[in-house]
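# Per-entry structural report
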Amino acid sequence: MADDEKTDKSDKSGKKKIPKLANPMPQQDPKERIKNFDEVALGYDMETAIKEAERCLQCKREEGKEICIDGCPVEINIPAFIKCIKEGRIEDALSVIREKNNLPAICGRVCPQEQQCQKYCRLGKGKGRDPVSIGRLERFAADYDMKKQPTMSSTTEDLTKRPKKDKKIAIIGSGPAGLTAAGDLVKLGYDVTIFEALHDTGGVLRYGIPEFRLPKSIVDKEVDYVKRLGVKIETNVIVGKTIGMDELMDEYDAIFVGSGAGSPMFMDIPGENLNGIYSANEFLTRINLMKAYKFPEYDTPIKVGKVTAVIGGGNVAMDSSRCALRVGAEKSMIIYRRTEEEMPARKEEVEHAKEEGVELHILTNPVRYIGDERGNVRQIECIKMELGEPDASGRRSPVPIKGSEFLIDVDTVVVAIGNSPNPLIPNNTEGLKISKKGTIVVDDNGKTSIDKIYAGGDIATGAATVISAMGAGKKAARAIDNFLSS
Ligand code: FAD
Ligand code: SF4
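Bear in mind that the values here come from a model prediction, so they are computed numbers and not experimental data.

To continue, consider the overall build of the chain. Within the chain, the secondary structure is distributed over 18 helices and 18 strands. Rg of the C-alpha trace for the chain: 23 Å, near the compact-globule value of 23 Å for 486 residues, within the 12% margin. Considered along the principal axes of its C-alpha atoms, the chain spans approximately 70 × 70 × 50 Å. A total of 486 residues make up the chain; the buried ones form 52% of that total. Long-range pairs, those at least 24 residues apart, make up 68% of the contacts in the chain with a sequence separation of at least 6.

Here it is, written out as structure tokens:
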């Protein structure tokens, strides 16, 4: 490609021309990476980060004209932090990000930027032009800081001098919603304790998203930052079992429920109880939280055999299919009832899965599972689909093609068709208003039908994104502060 084709001729400044394409992110070779759980995307170095930051137009927010900030659910001052990177002031860049986001190393890696800030980036408007790689720059700033302080995420604030408030707040769940609400409330001077059901922190960040997409050392450092702010965390406490909601209500001035959507859904088709059919939750929890990929060094095994089929087209399905290859499947396939276009997974994840050899069987849906005499799954009977009229989600609905049934041989099936909220807290809290889908009903500020109780993240919205859970945690923290101050 000629040099002028790579730069943007619409740059009117007459000075430096802006490259049309974003600087690529170095990544592990697909042939190598399917043999390990190391991170796939390797991150920008300083030189590349500055080059990418130089592409930014430093747009101003004006009435009626959208820019990157309008697409960020927590409203990070994106042009300001990119300017700092451009000038080599990386710590300042991180300070700007941290004003709004306690978990930048995580968001820089897993946020669907292409549907958020980068979708609104003015540089990306027009054919053949990439937006600024905002997520990669966010990740760069957070990683730079962590490399400098390998044991903990930095903070320049003097935390000991913060004025304390004589009020206690309980947070249920240590996922992104809970961690964010806790971080913001402790910064306001409250005494904050997180109760977490599992033996480790982070929610889906720990048990769901695999190491090769989000290294757990990053989650550790971000959790460490929240702890250093003064948040106490009690693991192995299941609220509703180990301790009752009523007890929390007596002891705490306010409660934030961030218990997520961890109950797996199934298709309810014949044969779903056969051995070798996992929910994506169990499959990923075994591999990520229980470290089955390091068996026998760790106690939990995972058995995949030669062929693994994953049902679904979201991030959870992509993660499962890529994990299957890494734990030894010779063939890993996605079975999805619509086309690749409609897949809810991030585009980058679908591309990474394809590069690694995951097969996509689109317009295909399972109708039953067939097992052997020992009750192990052996085949999936599938039916071909075609796209009909748009459904409630706005996507064209998949319609079965009569008589198109066929069989696929498998050793393992992972069902990744969605998750619903865990009913424990909704069912154990008298007076708490619950929607038909089992989510806790909240107002715009995260307030529930009970005065002292706030909720946010997947438990209130159903399965969504890390950044939306964080946004909900932030809003609720503000509302709890108003409630307790009034
Ligand atoms: P969670 O992260 O689910 O955390 C809830 C926590 O509450 C858990 O630790 C749970 O153990 C705890 N808990 C539950 N009940 C109780 C109780 N009774 N007592 C105490 N603790 C309790 N989003 C993205 O933006 N990008 C991605 O790339 C992406 N990939 C994903 C991949 C997978 C495999 C999955 C499953 C989800 C993915 N998501 C992704 C979605 C995202 O992770 C979630 O939307 C987000 O984690 C929700 O945050 P949360 O804090 O509401 O809940
Ligand atoms: Fe920079 Fe794009 Fe934001 Fe404009 S919209 S300030 S170019 S990141």
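Here we come to the packing of aromatic side chains. Taken as a whole and assessed by the stated rule, the structure comprises six aromatic pairs. For the pair Phe140 and Tyr144, a centre-to-centre distance of 6.1 Å together with 40° between the ring planes defines the contact as tilted. One end of the pair is Phe140 and the other is Tyr144, both in helix H8 (residues 134-148) and four residues apart, which spans about a single turn. The buried category is assigned to Phe140, whose relative accessible area is 6%. Among the aromatic residues, ring-to-ring pairing joins Phe37, Phe212 and Tyr293 into one connected group. Taking NZ or CZ as reference, Arg98 lies 4.0 Å from the ring centre of Tyr225, over its face. Across the ring face of Tyr252, the terminal group of Lys168 is positioned such that the distance to the ring centre comes to 4.9 Å.

Turning to unusual backbone geometry, a few remarks are in order. Looking along the chain, the bond that leaves Phe295 and enters Pro296 is cis, with omega of 10°. Take Pro296: it is sitting in the loop between helix H13 (280-289) and strand E9 (307-311).

The next point concerns the pattern of salt bridges. All chains considered together, the criterion is met by 35 salt bridges. Where Arg98 meets Glu222, a salt bridge forms, and the shortest distance between an N and an O atom there is 3.6 Å. Here Arg98, found in helix H5 (residues 90-98), pairs with Glu222, found in helix H11 (residues 216-228); they are 124 residues apart in sequence, far enough to count as distant. Glu222 carries the same exposure label as Arg98, and that label is buried. A salt bridge links Arg213 to Asp319; the shortest N-O distance between them is 2.8 Å. On the criterion of sequence distance, the pair formed by Arg213 in the loop between helix H10 (204-207) and H11 and Asp319 in helix H14 (residues 315-326) is long-range, its members being 106 residues apart. Comparing Arg213 with Asp319 shows no difference in burial state: the two are buried. Salt bridges here are not isolated pairs; linked through shared partners, they connect Arg33, Arg213, Asp319, Arg322, Arg326, Glu349, Glu355 and Glu356.

Once that is clear, we can look at H14. The end-to-end C-alpha distance of H14, which contains twelve residues, comes to 17 Å, matching closely the 16 Å that a straight helix rising 1.5 Å per residue would cover. Where burial is concerned, most of H14 is hidden: ten out of the twelve residues are buried. Listed as buried for H14 are Ala317, Met318, Asp319, Ser320, Ser321, Arg322, Cys323, Ala324, Leu325 and Arg326. Buried residues in H14 make contact with helix H2 (30-33), H13, E9, strand E10 (331-335), helix H15 (347-355) and strand E16 (412-415). In the segment just after H14, Gly328 is the residue with positive phi, at about 120°.

You can read the domains of the chain as domain 1 (3-148), domain 2 (161-262 + 421-485) and domain 3 (266-417). The interface is formed by 23 residues belonging to domain 1 together with 24 residues belonging to domain 2. The three residues of domain 1 that bury the most area against domain 2 are Asn102, Leu103 and Ile106, which together make up 31% of that side's buried surface. Joining domain 1 to domain 2, the criterion identifies one salt bridge. Inspection of the domain 1/domain 2 interface yields four residue pairs in polar contact (both at pLDDT 80 or more). Among the residues making up the side of domain 1 that touches domain 2, the classes are represented as 13 nonpolar, three polar and seven charged.

So, how was this worked out
Residues numbered from 1 in each chain as written. Chains lettered and ligands numbered in written order. Predicted model: local features only at pLDDT ≥ 70, side-chain atom pairs only at ≥ 80, totals over all residues. Heavy atoms only, no water. Helix = DSSP H or I, 4+ residues; strand = E, 2+ residues; numbered from the N terminus. Rg over C-alpha atoms; globule rule 2.2 N^0.38 Å. Buried < 20%, exposed > 50% of the residue type's maximum accessible area, 1.4 Å probe, protein only. Contact = heavy atoms within 4.5 Å. Phe/Tyr/Trp six-rings, centres within 6.5 Å; stacked < 30°, edge-to-face > 60°. Lys NZ or Arg CZ within 6 Å of the ring centre and 35° of its normal. Salt bridge = Lys/Arg side-chain N within 4 Å of Asp/Glu carboxyl O. Expected span 1.5 Å × (residues − 1). Domains from an automatic or database assignment. Buried area = accessible area lost by both parts, 1.4 Å probe. Polar contact = N/O pair within 3.5 Å; in protein donor to acceptor, adjacent residues only side chain to side chain. Nonpolar A, V, L, I, M, F, W, Y, C, P; charged D, E, K, R; others polar.

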